[in-house]
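Chain by chain, the residues run as shown.
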Amino acid sequence: METKQLGKTGIFVSAIGLGGMPMSIYNRPPESESIQVIHRALDFGITFIDTADSYCKDESDKHHNEQLIHKALASYQGDSSQVIVATKGGLMRPDGNWTRNGNPEHLRQTIKVSFEALGGAKPIDVWQYHSPDNNYTIEESLAPVKEAVEAGLIRFVGVSNFSVEQIKRAQDVVDIVSVQNQYSPWERQPEIDGVLEYCQDQGLTFLPWSPFGGRRRHQNLEDIPAIAQLAKEKGVSVYNIVLAWLRSKSPAILPIPGASKISSIEDSAQAINVKLSDEEVRKIDRAT
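This one's a predicted model, so the numbers in the text were calculated from it and none came from an experiment. (Residues numbered from 1 in each chain as written. Predicted model: local features only at pLDDT ≥ 70, side-chain atom pairs only at ≥ 80, totals over all residues. Heavy atoms only, no water.)

Asks: Break down helix α1 (residues 31–43) for me, citing the residues and quoting the values.
Replies: Taking 1.5 Å per residue, 13 residues should reach 18 Å; α1 reaches 18 Å between its end C-alpha atoms and fits that length. Buried within α1 we find Ser-34, Ile-35, Val-37, Ile-38, His-39, Ala-41 and Leu-42. At its buried positions, α1 is contacted by β3 (18–19), β4 (48–50), α2 (64–75) and α10 (262–270). (Helix = DSSP H or I, 4+ residues; strand = E, 2+ residues; numbered from the N terminus. Expected span 1.5 Å × (residues − 1). Buried < 20%, exposed > 50% of the residue type's maximum accessible area, 1.4 Å probe, protein only. Contact = heavy atoms within 4.5 Å.)

Asks: Lay out the pattern of salt bridges with the relevant residues and their values.
Replies: Tallying each qualifying case throughout the model produces 19 salt bridges. For Glu-266, the salt bridge identified is with Arg-40, shortest N-O distance 2.8 Å. With Glu-266 in helix α10 and Arg-40 in helix α1, this pair connects stretches of sequence that are 226 residues apart. The class of Arg-40 is partly exposed, set by a relative accessible area of 29%. With a closest N to O distance of 2.7 Å, Asp-50 and Lys-88 form a salt bridge. In this pair, Asp-50 sits in strand β4 while Lys-88 sits in strand β5 (residues 84–89), placing the two residues 38 residues apart along the sequence. For the residue pair Asp-50 and Lys-88, the accessibility class agrees, reading buried in each case. (Salt bridge = Lys/Arg side-chain N within 4 Å of Asp/Glu carboxyl O.)

Asks: Explain the pairing of β5 to me, using residue names and the numbers behind them.
Replies: Taking burial as the measure, the six residues of β5 include six buried ones, the bulk of the element. With burial as the criterion, each face of β5 is covered, one bearing Ile-84, Ala-86 and Lys-88 and the other bearing Val-85, Thr-87 and Gly-89. The pairing of β4 with β5 spans three bridges and is parallel. The residue of β5 that forms the bridge with Phe-48 is Ile-84. Handedness of the crossover is the feature at issue here: the chain leaves β4, passes through α2, returns alongside β5, and the resulting connection is right-handed. In this structure, β5 lies alongside strand β8 (residues 124–129), joined through four bridges in parallel fashion. Looking at β8, one finds that Thr-87 is bridged to Trp-127. (Pairing = 2+ DSSP bridges. Right-handed = clockwise from strand over helix to strand, strands pointing away.)

Asks: Can you explain the packing of α1 against α2? Please cite residues and give values.
Replies: Orientation of α1 relative to α2, taken along the N-to-C sense of each, is 60°, at an axis distance of 9 Å. Taken together, the axes of α1 and α2 are oblique relative to one another. Of the two elements, α1 crosses α2, and the hand of that crossing is right-handed. Between α1, through Glu-31, Ser-34, Ile-35, Ile-38, His-39 and Leu-42, and α2, the contact on the second element is made entirely by Leu-68, Ile-69, Lys-71, Ala-72, Leu-73 and Ser-75. Looking at the contact of α1 with α2, its residues break down into seven nonpolar, three polar and two charged. (Axes fitted to C-alpha atoms, helices over the stretch in contact; angles between N-to-C directions. Parallel < 35°, antiparallel > 145°, perpendicular 65-115°, else oblique. Left-handed = near helix turned anticlockwise from the far one by under 90°. Nonpolar A, V, L, I, M, F, W, Y, C, P; charged D, E, K, R; others polar.)

Asks: Outline unusual backbone geometry, supporting the account with residue identities and numerical values.
Replies: The phi dihedral of Asp-95 falls on the positive side, at around 55°, and the residue is not glycine. Considering the arrangement of structural elements, one finds Asp-95 in the loop between β6 (91–92) and β7 (99–100).

Asks: Explain the packing of aromatic side chains to me, using residue names and the numbers behind them.
Replies: The tally for this structure, following the rule as stated, stands at four aromatic pairs. Each ring, one from Tyr-183 and one from Trp-245, has its centre 5.7 Å from the other, and the planes form 45°; the classification is tilted. Taken together, the residues Tyr-183 in the loop between β10 (178–182) and α6 (189–192) and Trp-245 in helix α9 (residues 238–249) connect sequence positions 62 residues apart. By relative accessible area, Trp-245 is classed as buried at 0%. Consider the rings of Phe-212 and Tyr-239, whose centres lie 4.9 Å apart with planes at 65°: the pair is edge-to-face. Separated by 27 residues along the polypeptide, Phe-212 in the loop between β11 (205–209) and α8 (225–234) and Tyr-239 in helix α9 bring together distant segments of the chain. With a relative accessible area of 11%, Phe-212 lands in the buried category. Pairwise contacts between aromatic rings join Tyr-183, Phe-206 and Trp-245 into one cluster. The ring of Trp-98 carries Arg-93 above its face, with NZ or CZ at 3.8 Å from the centroid. (Phe/Tyr/Trp six-rings, centres within 6.5 Å; stacked < 30°, edge-to-face > 60°. Lys NZ or Arg CZ within 6 Å of the ring centre and 35° of its normal.)

Here it is, written out as structure tokens:
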């Protein structure tokens, strides 16, 4: 598996990661199957896994995905010592809905629970503030995160769903290594608002969430002629083409496609070998 540096940390991870969300929310598969998916990802050399405290069914189920990933890593027969797990905090799941909570005391507490859910034996590799809460300033919300770094609970910090201005404010509080915003053929905002360019200039890793458009849109990729045609010409899936397209957009990008089936992560891992020419990239750009 090709690797790339995580931010400016000097740590190299797989150039394609694994998103854990599908294993813990809608249509959750049996735990044994999810563990097999994670193990298969590791077999392919994937060493970056993205999760969150809110990847669960509701508040009573909080931290489910973190616990699942820890169990999978602990039971893997091979070497998982180089795997980086990036989690997030700051979203709540009341009755299965999504709400923001940037209350510093809440973040202080959920960081501690995430630390334990991921094993409690070493600092959280990457902790990301999931989404800004307008009820609190970014400085207020990130203060306990900085405390957790200093206390040895967190190794690196990232942000999610942030604008360039918000990223800059976060950087004034604590060192940032990654930014996770929505980016897909249907959602091109990071190209427009300057976040992608800023990440590249600053040496930050950009993690595109919902790279295939999410659970409602991913099956519609076949309906984009440019993508479907390239997939047919190259003998790969439309998902491979999208991952190759994303990777071609900036060296800062590290796709984190979600998976809840072994076949899905096998397909995503193989996308590392798919290359697109500049004209092929432009062809997709024009069609989306």
